[in-house]
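Chain and residue survey
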Amino acid sequence: MRSRWFSKLSVIFGPRPPLNWLLLCLISILVLIALLGSNSSSAFDSVTSAAKPDIYTNYRRLKEQAASDYLELRNLSLGPSRLREFSLCGKERENFVPCYNVSGNLLAGFNDGEEFDRHCEVSQERPHCLVRPPKDYKNPLSWPVGRDVIWSGNVKITKDQFLSSGSMTKRLMLLEENQITFHSEDGLSYDGVRDYSRQIAEMIGLGSDSEFPQAGVRTVLDIGCGFGSFGAHLLSLKLMAVCIAAYEVTGSQVQLALERGLPAIIGNFISRRLPYPSLSFDMVHCAQCGIVWDKKDGMFLIEVDRLLKPGGYFVLTSPASRLHGNSPSAKKGSLLTPIEEFTKKICWSLLAQQDETFIWQKTVEADCYASRKQGAIALCKEGQDAQSYYQPLAPCISGTTSKHWIPIQNRSSGSLLSPAELEVHGVNPEDFYEDLQISRSALRNYWSLLTPLIFSDHPKRPGDEDPLPPYNMIRNVMDMNAHYGGLNTAFLEAKKSVWVMNVVPIRAHNTLPLILNQGFAGVLHDWCEPFPTYPRTYDLLHANGLLSHLTSEGCSIMNLLLEMDRILRPEGWVVLCDKPGPIENARALATQIRWEARVTDLQNGSDQRILICQKPFLRK
């Protein structure tokens, strides 16, 4: 019987079945497994609610990986000369941000504001297409001109939206034919930002805002930053201000700030913690940011307390009537607002109030919280304190037992940390300085490779003469696997006019506290998911060892590169450093994404290779 079937197969396919037929069989098996898996998902209905999110997330990743493997196998079966290029997405996805699908979130049962939050677990599978730029998109002007003038076609804001905005916004920017012009800091009135910044400094006891570092302020989380004018001013003072604002379909604060070359990221005060560890920022600032701070029994203020370092400042500028709200104490004529009453429970002291600006300071005494009797807020358990990546808001105080509980006034003023400070973060000083030396050498190598390419391939910006230093073509940089932040330090030492978003993968060693303590911008992120930003917001993406890390985690490299293409500006750059296998795989995928790709060997005898890619300007 066996020989009879074999002879029939031999008649059809010959004595040796072709490679394409074998690949087709393998693909069919993978697709069948995925289909059977989706049909059997009801078997998980009896699992407890606490386990469902993890099971669903892992199952979703398995399906995405199966789909990615299917596409890669199909491309291999076509042969290297016939790799399929990805098509362009439709016009409706020009400003597509995954995980923020309001209608999908509503259908999944999220409400009470949670439908506006980040929910990757309910998003449909990501499309395998390239997000195209808008019809009128132009390459941004070079820094620092691009801070004050942006192309209106690059951001999703209409003239009607601008005209319907408040008077403060109209003073902030002028909408011309195809440009949005922001008031220059050299002008007589920078929308009052300089006076406002000086007022804050004086309220905390300083002579001027140039003395912020003397008060321990180097990093600021600017909630609902408008269009970034306060952050732009703080950057001119060599402070790191990161804008964080909710996802907006049009007129996005985050999109406008990034287009100006200012650090920004999408994030909400709704139901989940922000992707930062406890004790991350020296100051949290909210100027009419639209958050009702005493809502949800003060949970939002508890989250601010979690983010603030000991001795840090919470600056709130809001009409006083909003602070009183409709609380019974306000009706009885109490001098205390609901916010002031709650801040006493979390050991904050009201430093000063002037006009509509209030400044509180967080305690430097970790035992203050436990000593509170009436209405005291409980301390977080050890497990609750460690988890911060989009976990639900928790009604407990974090960080009191952390070895990072160090008042901001007691830290060293320089960006380079002392050996004692490194040991607090559990980092061997020798490893830290070795990583920094490698980053310095790497940046020199990258720049020697990029400089001639920028001059030969990069068009001149509109209105510019021949470009001077090539680094003014690059402003927004993301280090996707930041380690200790060495690349950021190397950029600063080389006096490049860039800022770096230092991303720490959530399953890697958590070095984000170390990065933030150096005064850098950073965030935790799971690279198996999309990054919380708008399309076309970064000029340069760098990753050292990320491909190998994600492969070991079972994440799709194809999805990663498509996500990188989404957040990279046209004619932007990608620099990947990794082992030969992942680099060759990435180069093949880069061809499908239509990137120009070059592989270079390191000259130091290492087994690693560098993949340098440039994204083309695709219009149709």
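Above this text is the structure in question.
So, here is what we can say about the structure in this document. (Residues numbered from 1 in each chain as written. Predicted model: local features only at pLDDT ≥ 70, side-chain atom pairs only at ≥ 80, totals over all residues. Heavy atoms only, no water.)

A word on the overall build of the protein. When its secondary structure is counted, the protein shows 23 helices and 17 strands. The buried share of the protein, reckoned over its 620 residues, is 52%. The contacts in the protein between residues at least 6 apart in sequence include a share of 70% that link residues at least 24 apart. (Helix = DSSP H or I, 4+ residues; strand = E, 2+ residues; numbered from the N terminus. Buried < 20%, exposed > 50% of the residue type's maximum accessible area, 1.4 Å probe, protein only. Contact = heavy atoms within 4.5 Å.)

The next point concerns the state of the cysteines. Under the criterion given, the structure shown has 7 disulfides. Disulfide pairing places cysteine 380 opposite cysteine 396 at an S-S distance of 2.0 Å. Measuring the twist about the S-S bond at about 90°, one finds the cysteine 380-cysteine 396 disulfide to be right-handed. Of this pair, cysteine 380 sits in the loop between helix H15 (368–371) and helix H16 (382–386) while cysteine 396 is found in the loop between H16 and helix H17 (419–424), placing the two residues 16 residues apart along the sequence. (Disulfide = S-S within 2.5 Å.)

Within a sheet, neighbouring strands are paired by backbone hydrogen bonds and run either parallel or antiparallel to one another. Read from one edge of the open sheet, 7 strands run S13-S12-S11-S14-S15-S17-S16, paired in mixed fashion. Edge positions in the open sheet fall to strand S13 (521–525) and strand S16 (596–601), since each of these has one partner strand only. Ignoring strand direction, the axes of neighbouring strands in this sheet form an average angle of 15°. Summarising the sheet, strand S12 (residues 499–505) and S13 pair through 5 bridges and their orientation is parallel. Considered in S13, the bridge of methionine 501 is made with alanine 521. Set on the sheet, helix H23 (residues 580–592) makes contact with strand S15 (568–578), S16 and strand S17 (609–614); between it and S17 the angle comes to about 15°. (Pairing = 2+ DSSP bridges. Axes fitted to C-alpha atoms, helices over the stretch in contact; angles between N-to-C directions.)

Moving on to the packing of helix H22 (residues 557–567) against H23. Relative orientation of the contacting elements H22 and H23 amounts to 55°, with a least axis distance of 10 Å. When the interaxial angle is binned, H22 and H23 end up oblique. The two elements H22 and H23 cross, and the hand of that crossing is right-handed. For the pair H22 and H23, contact is made by Ile557, Met558 and Leu561 and by Asn585, Ala586, Leu589 and Ala590, respectively. Among the residues making up the contact of H22 with H23, the classes are represented as 6 nonpolar, 1 polar and no charged. (Parallel < 35°, antiparallel > 145°, perpendicular 65-115°, else oblique. Left-handed = near helix turned anticlockwise from the far one by under 90°. Nonpolar A, V, L, I, M, F, W, Y, C, P; charged D, E, K, R; others polar.)

Next up on the list: the sheet that holds strand S5 (residues 240–245). One open sheet holds the 7 strands; their spatial order is S6-S5-S4-S7-S8-S10-S9, and the pairing between them is mixed. Edge positions in the sheet fall to strand S6 (264–266) and strand S9 (348–354), since each has one partner strand and no second. On average, adjacent strands in this sheet sit at an angle of 20° to one another, irrespective of strand direction. Pairing analysis gives 4 bridges linking strand S4 (residues 219–223) to strand S7 (residues 281–287), with the strands arranged parallel. The partner of valine 220 across the bridge, within S7, is methionine 283. Helix H8 (residues 193–203) rests against S7, strand S8 (308–317), S9 and strand S10 (357–362) of the sheet, and its axis sits at about 45° to S10. In the packing of helix H9 (residues 229–236) onto the sheet, contacts are made with S4, S5 and S7, and the angle to S5 comes to roughly 165°.

A separate point is the nonpolar core. If you look at the biggest cluster of nonpolar residues, it comprises 102 residues, and the most contacted ones within it are Tyr276, Trp293, Phe314, Met478 and Leu576. Examining the composition of this core, we find that 7 residues originate from one element, H22, more than from any other. When residues of this core are assigned to domains, at least three map to each of domain 1 (86–132) and domain 2 (419–455 + 472–615). Beyond its immediate stretch of four places on either side in the chain, phenylalanine 314 contacts Val284, Cys286, Trp293, Leu301, Val304, Leu308, Trp348, Phe358, Ile359 and Trp360. Formed by 21 residues, the second largest nonpolar core is a distinct cluster that contains Val193, Ile204, Val217 and Ile359. (Core = buried A, V, L, I, M, F, W, Y, C linked by side-chain atoms within 4.5 Å. Domains from an automatic or database assignment.)

With respect to the element layout, serine 439 can be found in helix H18 (residues 429–457). Judged by relative accessible area, which is 11%, serine 439 ranks as buried. When near neighbours in sequence (up to four residues on either side) are disregarded, serine 439 contacts Gly486, Leu487 and Ala490.

Across the 6 residues that make up S10, a large majority, 6, are buried. By the alternation rule, side chains of S10 split into Thr357, Ile359 and Gln361 and Phe358, Trp360 and Lys362, which are all buried. Judged from the 5 bridges that link them, S8 and S10 form a sheet pairing that is antiparallel. Note on S10: the bridge partner recorded for valine 315 is isoleucine 359. Judged from the 6 bridges that link them, S9 and S10 form a sheet pairing that is antiparallel. Residue pairing in the sheet places glutamine 354 in a bridge with threonine 357 of S10. Where S9 folds back onto S10 in an antiparallel hairpin, the turn is made up of 2 residues, including aspartate 355, whose phi is positive at roughly 55°.

Further remarks concern the packing of aromatic side chains. Using the criterion set out here, one finds 18 aromatic pairs in the structure. A ring pair is formed by phenylalanine 432 and tyrosine 433, whose centres lie 5.3 Å apart and whose planes are at 80°; its orientation type is edge-to-face. Note on phenylalanine 432: relative accessible area 3%, which makes it buried. Note on tyrosine 433: relative accessible area 34%, which makes it partly exposed. A ring pair is formed by phenylalanine 432 and tyrosine 484, whose centres lie 6.0 Å apart and whose planes are at 45°; its orientation type is tilted. Within this pair, whereas phenylalanine 432 is found in helix H18, its partner tyrosine 484 is found in the loop between strand S11 (476–479) and helix H19 (486–493), the two being separated by 52 residues in sequence. Summarising the burial analysis for this pair, phenylalanine 432 and tyrosine 484 share the class buried. Linked through ring pairs, Phe269, Trp293, Phe300, Phe314, Trp348, Phe358 and Trp360 together constitute an aromatic cluster. Seen from the ring of tryptophan 151, lysine 138 lies directly overhead, with NZ or CZ sitting 4.3 Å from the centre. (Phe/Tyr/Trp six-rings, centres within 6.5 Å; stacked < 30°, edge-to-face > 60°. Lys NZ or Arg CZ within 6 Å of the ring centre and 35° of its normal.)

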